[in-house]
Amino acid sequence: MQLFYNPDIDETTESFSFDKEESRHIIKVLRKKDSDILHVTNGFGLLFETQITLASDNKCIVQVLSIKKTDEPKFRLHLAVAPTKMNDRFEWFLEKATEIGIQEITPIICDRSERKVINLERFEKIILSAMKQSNETYLPKLNDAISFKEFIKQKNEGLQLIAHCEETDKKSLKDILKPNESVTMLIGPEGDFSEKEIALALENDYQPVTLGNTRLRTETAAIVACHSVVFFNESSN
């Protein structure tokens, strides 16, 4: 199934048109024509089966034939991850985490961060493309970059975890997870969180966890965490 995206449609929508860029892609590149069926999501869990009523490369119009609601996961996974020095590594994380099934991502700027500026628009396009590629109907929420200190002040639902490399008392992630419990996890930069940041996290009720016996790159740690939480919950239900 090839999936298209329109954030402005809902259960009341009977017909709609794609913008010029998407219309040209549908008609000129994919060579779709009148009466062809297109599947569209609004990124909020709705899957629309539609039929082309006007195959114009300037304004492709479709009629809604049916709407299906996809159940939301019973848990919510929010990863706060320090942007990597090499931008493509963070983009790889965004793509793969979306495919696996993350719900929210926040880039955090830490004491040892080497990259402190991100291209939010490009990141959003990568997440959208990954959602369509994997036939997901929920678009992960991507937040603006925020400092570690600002993020840590926020109260998040469920488990609050920090994965760091310091030799301290830490529990294994798999031993601390509970079925259908939401998780917010902090993943640090290449140089890891500073001792001050770790202490601040613990003061704000974050529990330290380990993701395994080896030292992982930032993007690898984020993917391991993402897959572990999603797999654990899918296996428990």
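These notes cover the structure that comes with them. Residue positions are given per chain, counting from 1 as you read along its sequence in written order. Under the rules for a predicted model, residues below a pLDDT of 70 receive no local features and side-chain atom pairs below 80 are neither given nor counted, while totals for whole chains, interfaces and linings still include all residues. Each side-chain value is derived from all of the structure's non-hydrogen atoms; neither hydrogens nor water enter the calculation.

## Notes on the side chain of Glu 219
Part 1: You can see Glu 219 is positioned in helix H7 (residues 218-236).
Part 2: Taking the relative accessible area as the measure of exposure, Glu 219 reaches 6% and is therefore buried.
Part 3: By definition, residues are in contact when any of their heavy atoms lie within 4.5 Å. When sequence neighbours within four positions are dropped, the list of residues in contact with Glu 219 reads Thr 84, Arg 89, Trp 92 and Phe 93. Elements are defined by DSSP. Helices are runs of H or I of four residues or more, strands are runs of E of two residues or more, and each kind is numbered from the N terminus. For every residue, the accessible area obtained with a 1.4 Å probe (protein chains only) is divided by the maximum for its type, and the residue is called buried under 20%, exposed over 50%, and partly exposed between those limits.

## Quick word on helix H1 (residues 20-29)
Part 1: Those residues of H1 that sit buried are Glu 22, Ser 23, Ile 26 and Ile 27. The arc that holds every buried residue of H1, seen down its axis, measures 115°, which confines them to one face. Away from its buried face by more than 90 degrees, H1 exposes Lys 20, Glu 21 and Val 29.
Part 2: As for H1, its buried residues are in contact with strand S1 (3-5), strand S3 (37-41), strand S4 (46-54) and helix H3 (120-133).
Part 3: Two N or O atoms count as a polar contact when they lie within 3.5 Å, although within protein this holds only if one can serve as hydrogen donor and the other as acceptor, and sequence-adjacent residues are included solely when both atoms are side-chain atoms. At the N-terminal end of H1, a side-chain oxygen is found 3.3 Å from the backbone nitrogen of Glu 21, two or three residues along, and the residue is Asp 19.
Part 4: Directly beyond the C-terminal end of H1, a positive phi value near 55° is found at Arg 31. Taking the helix axis as origin, the arc is that swept by the directions to the C-beta atoms.

## A few points about the pairing of strand S7 (residues 104-109)
Part 1: The element S7 is largely enclosed, with a buried count of 6 among its 6 residues.
Part 2: Of the two faces of S7, both are covered, the one formed by Glu 104, Thr 106 and Ile 108 as well as the one formed by Ile 105, Pro 107 and Ile 109.
Part 3: Two strands pair when backbone bridges link them, and strand S6 (residues 77-81) and S7 are joined in this way by 4 bridges, in the parallel orientation. Looking at S7, one finds that His 78 is bridged to Glu 104.
Part 4: In this view, the connection linking S6 to its parallel neighbour S7 by way of helix H2 (residues 87-100) has right-handed handedness.
Part 5: When DSSP finds at least two bridges between two strands, those strands are taken to pair. As paired elements, S7 and strand S8 (residues 141-142) share 2 bridges and run parallel to each other. A crossover counts as right-handed when, viewed with the strands pointing away from the observer, the path leading from the first strand over the helix to the second turns clockwise.

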